[in-house]
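Here are the chains, one letter per residue:
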Amino acid sequence: GGKSPMIICKDADLDQAATACHIGLFLNMGQCCVASSRIFIHEDIHDAFVEKVVAMAKRLRTKGDVTSPTDIPLCDLGPQVDKSQFDKILGYIEKGKQEGAIVALGGGRLGGKGYFVQPTVFTEVTDDMTIAKEEIFGPVMQLMKFKTLKEAIKRANSTHYGFWDGRCGAG
């Protein structure tokens, strides 16, 4: 959905922050205007945070699976709304790869039937990449490092689509 930012400060509770980001994006498969798809993480905690959000996204359930272990059942993945949106999301994923973002998880179609997209987590995303600027409306998370809170706030506010924002930690 939207490019709503989440800022994860170096003093944040990483479990709480990962949960907030997980719900903020994967609820409704990213198909809402307030989806928090741009995650700014302080460089000191970046790698530990990436590990947590990737682990949570790996445990998302889909296609009617209600028995596998998952962190937040409310975020079980369904299909994208239609073929047009499905194709658009896969196009954005490919664009992210072409522009140099690193796929930490997912990056393609889920299964062979229906409009299911793998939960996708990108790292090494920069502000000028298409996936950081345009609304994807799918289960695609972009993780970006920052050094100072002032920098993160400036970058977070540099969007046409951010309907809300969030911050974990005092900064």
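Residues numbered from 1 in each chain as written. Predicted model: local features only at pLDDT ≥ 70, side-chain atom pairs only at ≥ 80, totals over all residues. Heavy atoms only, no water.

A. Quick peek at the sheet that holds strand β4 (residues 120-123). With mixed pairing, six strands are arranged side by side in an open sheet as β3-β4-β5-β2-β1-β6. The two strands at the open ends of the sheet, each matched to only one other strand, are β3 (102-105) and β6 (166-168). Across the sheet, the axes of successive neighbouring strands diverge by a mean angle of 25°, strand direction being ignored. Against the sheet, helix α5 (residues 149-156) makes contact with β1 (5-8), β2 (38-42), β5 (140-146) and β6, and its axis sits at roughly 145° relative to β5, the strand it touches most. (Pairing = 2+ DSSP bridges. Helix = DSSP H or I, 4+ residues; strand = E, 2+ residues; numbered from the N terminus. Axes fitted to C-alpha atoms, helices over the stretch in contact; angles between N-to-C directions. Contact = heavy atoms within 4.5 Å.)

B. Local environment of the environment of Gly111. Looking at the element boundaries, Gly111 is found in the loop between β3 and β4. Its relative accessible area of 44% is what places Gly111 among the partly exposed residues. In the structure, Gly111 is positioned 95 residues away from Gln16 in sequence and 31 Å away in space, judged by C-alpha atoms. (Buried < 20%, exposed > 50% of the residue type's maximum accessible area, 1.4 Å probe, protein only.)

C. View of the pattern of salt bridges. Under the counting rule described, the total for this entry stands at nine salt bridges. Note that Lys83 is salt-bridged to Asp87, the shortest N-O span being 2.7 Å. Pair noted here: Lys83 and Asp87 are both in helix α3 (residues 83-98), with a separation of four residues, about one helical turn. The exposure class of Asp87 is partly exposed, given its relative accessible area of 35%. (Salt bridge = Lys/Arg side-chain N within 4 Å of Asp/Glu carboxyl O.)

D. Molecular detail of the nonpolar core. Grouped together as the largest cluster of nonpolar side chains are 29 residues, with contacts concentrated most on Ile8, Ile39, Phe49, Met141 and Leu143. Put simply, the parts of the chain that give this core at least two residues each are β1, α1 (14-26), β2, α2 (46-58) and β5. (Core = buried A, V, L, I, M, F, W, Y, C linked by side-chain atoms within 4.5 Å.)

E. View of the packing of aromatic side chains. In this structure the tally under the stated criterion is one aromatic pair. A ring pair is formed by Phe86 and Tyr115, whose centres lie 5.6 Å apart and whose planes are at 45°; its orientation type is tilted. Here Phe86 is found in helix α3, whereas its partner Tyr115 is found in the loop between β3 and β4, with 29 residues between them in sequence. (Phe/Tyr/Trp six-rings, centres within 6.5 Å; stacked < 30°, edge-to-face > 60°.)

F. Fine view of α5. Of the residues making up α5, those classed as buried are Ala152, Arg155 and Ala156. Here the buried residues of α5 occupy an arc of 100° about the axis, which is enough to place them on one side. Turned more than 90 degrees from where α5 packs its buried face, Lys150 and Lys154 sit exposed. On the buried face of α5, the contacting elements are β1, β2 and β5. (Arc of directions from axis to C-beta.)

G. Region of the structure containing the packing of α1 against α2. Contact geometry for α1 and α2: axes closest at 9 Å, N-to-C directions at 50°. Considering their axes alone, α1 and α2 lie oblique with respect to each other. Along this stretch, α1 crosses α2, giving a crossing that reads as right-handed. Here α1 contributes Leu14, Asp15, Ala17, Ala18, Thr19, Cys21, His22 and Phe26 to the contact with α2, which in turn contributes Ala48, Phe49, Lys52, Val53, Met56 and Ala57. For the contact of α1 with α2, the per-class residue count stands at 10 nonpolar, two polar and two charged. (Parallel < 35°, antiparallel > 145°, perpendicular 65-115°, else oblique. Left-handed = near helix turned anticlockwise from the far one by under 90°. Nonpolar A, V, L, I, M, F, W, Y, C, P; charged D, E, K, R; others polar.)

H. Representation of unusual backbone geometry in the model. Within the chain, Glu124 stands out as a residue other than glycine whose phi angle is a positive 55°. When you line up the elements, Glu124 lands in the loop between β4 and α4 (130-133). Look at Glu124 and you get partly exposed, because its relative accessible area is 44%. If you check the backbone angles, Phe137 has positive phi at about 55° while not being a glycine.

In short, shape yes, function no, at least from these values alone.
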